[in-house]
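# Architecture and fold: a report
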Amino acid sequence: MDALVNDPRFAATTFLVIDFEGLTPAGRPAEPIEVAALALRPEDDQLVEVGRFEELIRPPADVPVTARDVQLKGITQQMLSTARPAGEVLARLDARLTAPPYRLVAHHASTEAGIICRQAEHCPVLAATPLLDTLRLAKAVVPGLGSYGLDGLLGYYGIPQPAGRHRAMPDVEVTTQVLARLLNDGCAHGRWSTLLELDAVAGLQPNRRPAPEAEQRALF
């Protein structure tokens, strides 16, 4: 990752790896029921954790948790009954983002982008932050892989499946490991050496204009 760390824009950026777990009601967009985020800053030749956030999210009353949801994610209706609604949870996360610049990172990032866009009034910083998609990074680094899903990349890199796979924080933690491997491999093969090159390969632009610059103080 040395080449990237030598890029001033990359070195100045905090990377926020984010994941939502959600429900998929028929005929409606996904409703989040959990979010986790891991904040990383470049240090020497690696990304170092500087903060984390995770919280359950109460879905709308007319969007039930199905038996399949419970089986896959291990999140029950009872667990969500006392959680805050999405707007409040994302506002709490957004309030911690006080030391720009940022890049959000997610696997198949369009899913996260859609959820954030629909809650943009509650999380203006998140909604104005570009994303990097680890799926797109993987396609650039590992062409011809049979599956670019998160499980496929864990298998390719020999990263163990986490306990609690399909919960937000375990998925964020292994996505962080995949991100580090992809960045290193891409640098080693001359695929990228700057943040702008990462954006060109795997970037998704926000759907809102940036909010006024926040006061510069410590993240998390």
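What you see is a predicted model, and the numbers here were worked out from it, not measured in a lab.

## Digging into helix 11 (residues 195-202)
All of the buried residues along helix 11 are Leu-195, Leu-198, Asp-199, Val-201 and Ala-202. Take helix 11 and look down its axis: the buried residues cluster within an arc of 165 degrees, on one side only.

## Quick look at the environment of Leu-132
Within the secondary structure, Leu-132 is located in strand 6 (residues 131-133). Sequence spacing of Leu-132 and Arg-181 is 49 residues, and the spatial spacing of their C-alpha atoms is 15 Å. The residues touching Leu-132, leaving out its near neighbours within four places in the chain, are Phe-15, Arg-103, Leu-104, Val-105, Ala-106, Ala-109, Leu-198, Asp-199, Ala-202 and Gly-203.

## Quick look at the UniProt feature "domain: Exonuclease" (unreviewed entry) in the chain
Those residues carrying the UniProt feature "domain: Exonuclease" (unreviewed entry) are residues 14-188 in this numbering. Helix makes up 41% of residues 14-188 and strand 26%, with an end-to-end C-alpha separation of 22 Å.

## Observations concerning the side chain of Glu-112
In this fold, Glu-112 is placed in helix 6 (residues 109-118). If near-sequence neighbours (up to four positions away) are discounted, Glu-112 is found in contact with Ile-18, Asp-19, Phe-20, Ala-106, His-107 and Leu-131.

## Description of the packing of helix 8 (residues 134-141) against helix 11
In contact at an axis separation of 8 Å, helix 8 and helix 11 are set at 95 degrees when each is read in the N-to-C sense. As the angle between them shows, helix 8 and helix 11 are arranged roughly perpendicular. Judged by residue contacts, Arg-136, Leu-137 and Ala-140 of helix 8 engage Leu-198, Val-201 and Ala-202 from helix 11. Across the contact of helix 8 with helix 11, the residue classes break down as five nonpolar, no polar and one charged.

Criteria and thresholds
Residues numbered from 1 in each chain as written. Predicted model: local features only at pLDDT ≥ 70, side-chain atom pairs only at ≥ 80, totals over all residues. Heavy atoms only, no water. Buried < 20%, exposed > 50% of the residue type's maximum accessible area, 1.4 Å probe, protein only. Helix = DSSP H or I, 4+ residues; strand = E, 2+ residues; numbered from the N terminus. Arc of directions from axis to C-beta. Contact = heavy atoms within 4.5 Å. UniProt positions renumbered as here; feature names shortened; annotations may be inferred. Axes fitted to C-alpha atoms, helices over the stretch in contact; angles between N-to-C directions. Parallel < 35°, antiparallel > 145°, perpendicular 65-115°, else oblique. Nonpolar A, V, L, I, M, F, W, Y, C, P; charged D, E, K, R; others polar.

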